Every structure is written in C-alpha cells, then in structure tokens.
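# A closer look at the structure
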Amino acid sequence: MIETLELTKAYGKTRAVDGLSFTAQTGRVTGFLGLNGSGKTTTLRMLLGLTRPTSGVALIDGKPYTELKQPLRQIGAVLEQGITHPGQSGRAHLLGQAMLAGASRTRVGELLDQVGLTDAGSLRTGDYSLGMRQRLAVATALLGEPPVLILDEPANGLDPEGIAWLRGLLREHAAAGGTVLISSHLLAELAQLIDDVVIIAGGKLRHAGPLQDLYGSASGRLRVRGADPVRLWRAFEEAGAKVTTDEEILEVDGLSPEDAGEIAFAEGVPLYELSTDTPNLEQIFLTLAAT
Ligand SMILES: Nc1ncnc2c1ncn2[C@@H]1O[C@H](COP(=O)(O)OP(=O)(O)OP(=O)(O)O)[C@@H](O)[C@H]1O
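Okay, so let's go over this structure. (Residues numbered from 1 in each chain as written. Predicted model: local features only at pLDDT ≥ 70, side-chain atom pairs only at ≥ 80, totals over all residues. Heavy atoms only, no water.)

With that settled, the discussion passes to the sheet that holds strand β3 (residues 29-33). With respect to topology, 6 strands assemble into an open sheet ordered β5-β6-β7-β3-β8-β9, the strand pairing being mixed. In this open sheet, the two edge strands, each paired with only one partner strand, are β5 (75-78) and β9 (204-210). For this sheet, the mean inter-axis angle between neighbouring strands, taken without regard to orientation, is 15°. Judged from the 5 bridges that link them, strand β6 (residues 148-152) and strand β7 (residues 179-184) form a sheet pairing that is parallel. If you follow Leu-149 over to β7, its bridge partner there is Val-180. Sitting on the sheet, helix α5 (residues 130-142) is in contact with β5 and β6, with an inclination near 165° to β5. (Pairing = 2+ DSSP bridges. Helix = DSSP H or I, 4+ residues; strand = E, 2+ residues; numbered from the N terminus. Axes fitted to C-alpha atoms, helices over the stretch in contact; angles between N-to-C directions. Contact = heavy atoms within 4.5 Å.)

A few words on the site of the ligand. Around the ligand lies a shell of 12 residues, among which Gly-37, Gly-39, Lys-40, Thr-41 and Thr-42 are the nearest. Contacts to the ligand include Gly-39, whose backbone N or O atom sits 3.0 Å from an oxygen atom. Interatomic distance of 2.5 Å between a side-chain N/O atom of Thr-42 and an oxygen atom of the ligand. Calculation on the ligand without its partners gives an accessible area of 640 Å², and the protein chains cover 59% of this total. Here the shell around the ligand takes 3 residues from helix α1 (residues 40-47), the largest share from any one element. Considering only residue class, the shell around the ligand consists of 3 nonpolar, 6 polar and 3 charged. (Near = heavy atom within 4 Å. Polar contact = N/O pair within 3.5 Å; in protein donor to acceptor, adjacent residues only side chain to side chain. Areas by Shrake-Rupley, 256 points an atom, 1.4 Å probe, with all protein chains shown as cover. Nonpolar A, V, L, I, M, F, W, Y, C, P; charged D, E, K, R; others polar.)

What follows is the structure, given as structure tokens:
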C-alpha cells in the first residue's frame, strides 16, 4: 500500500504539496491526477525518497522509502526524466540496471519480451521513439519484481496499442497483489487503466475514491425533443426541473427519464427523442482540478 499523511513540501513561499493525505490500495490501480504544476511529481519524488518532505510522511507499505530494506525489490518507478545513455542499447541499459537490482540475464530477456522490445533490444536508446523509451522505462521499473509501482505520466507518448499494452500489464500487476500509482494531467488518458482516482489541485487533495463514483456524481442531464417544446418546457419547469433550449431540443436538469416521459404523456405531447447525456469525464476532472 502507498500512503501519504499530511504530506507537505514548501519551496520558499510556494507550497508545492500542501497537507496531502491519500492511499493507493493493494490490488488496485490508482490514478494520480492534477493539472500541470499541481504537485504530482513533487509528491511522487517524496514517495521515492528523492525529495525530503517539509512535514508529514510518505509511506510505502508503512515505511518511508529511506527505511526500506531492499528498495529496488519493493518499489519500481518510472519518472519523467530520461534514464538512459543514448549510445547504449536497450538491452545493455537493462543489463546494467539488472546488476543493481540483483536481477538475472534471463529476467532481462523476459522483460524485453514483456514490454514488446525484443526486436529493438539491440538498437541505441537514442534512436528510440518516446513510446519505446516509455516501454524501456517500465521494463527497468519491473526488474526487481517489485510489488509497488509508481509511474509518472507513463501514457505520455504511447499510441493506442501502447496504451492497451500498458493497461494489460498494470491490470495483471494489480491482480497479482501489486499496488500501482500512475500520474497524468488527463483523466481521459487513464480512464481505461485505473480503478481509483486521487485528484489534486494546488498541492491539496480535491477528490479520492473509485473511478466509478466520479461518473455517478455527475448528474445525468436529459435531452428531450418533442412535438411541442414550449408546452414541454412549461410542464418540466412546473415539475421542478431546470430547462434550457435551442428552441427545438430541451436540456433538462432535475428529472429522471421516467418522470420526463410520463409528464410528456400526461401533456399529450409526442416525444421524438429522450436520452441521457453521458457525463464528459474530462469536464468532471477539469471542474474538480480547477484551482
Ligand atoms: N525544485 C523546485 N524548486 C522550486 N519550486 C518547485 C520545485 N519543484 C517544483 N516546484 C513548484 O512546485 C509546484 C508543483 O510542481 P510539480 O512539478 O510537482 O507539479 P506537477 O503536478 O508534477 O506538474 P507537471 O504536470 O507539469 O509535471 C509548481 O509550482 C512548481 O513550480
């Protein structure tokens, strides 16, 4: 499990992270979301022992990173910065890192295969595309078979096939009892990957919970088209709804589709269309993440 308690990092007068408490549960993939500059990278760096908190704690399985006995075997990380020497091949990079993590040559071959870089293993990493570099970074993070994974913007640079690959890998990792924390500034980018969301703004927690609850929290607005829009409008408003219109289509807040259908029936107005607007995930995120 990953946990922060009242975690704070101040740079002079700027509070990059400000009293942040959240958990990322074992067996789940948690999305860590916020707009640019909201404090995501600073939080992840504190979890990884790279930045010292001003106050509060960042814990991996109940301990700060610096107190972990075998950090490379307990936690794997993909950070935004490049980690490789451009003249080195992907395989050589992994072999070097494997020595540090105490992993075998066989493991390097398996990982190249798992991240889809077997054929590209002998190419210079300087010639890798952004997506290939992300795959190599994920392979590096997995070397020590750590149960906890922290990934900073890993979806950046991946094409749809790459995203599907990452989804499979992270889901498998969580299902095998791992913990995954993955950051992004776009909720839509992570929607297919994650179980839970933590949204921050200005270094503070804005929302935490299952992704499903975010959809649930967005009130479903109805789209109604009928033979007599004016009459429908009046009837809906009399029933307590808020209605806006472009003259033909009514957008109705505060009524269920059942209520709206029955009101139209009682008014004797034929309906041509009655649908519920699906909440726009990015819109929900932007509302929650706005400072
Ligand atoms: N070393 C530092 N010195 C001073 N200010 C910093 C430092 N690191 C981060 N900050 C500030 O802290 C705030 C949070 O930055 P951080 O990089 O954690 O945000 P982020 O959510 O990761 O953003 P992005 O999505 O752009 O990577 C920003 O205002 C940033 O300018």
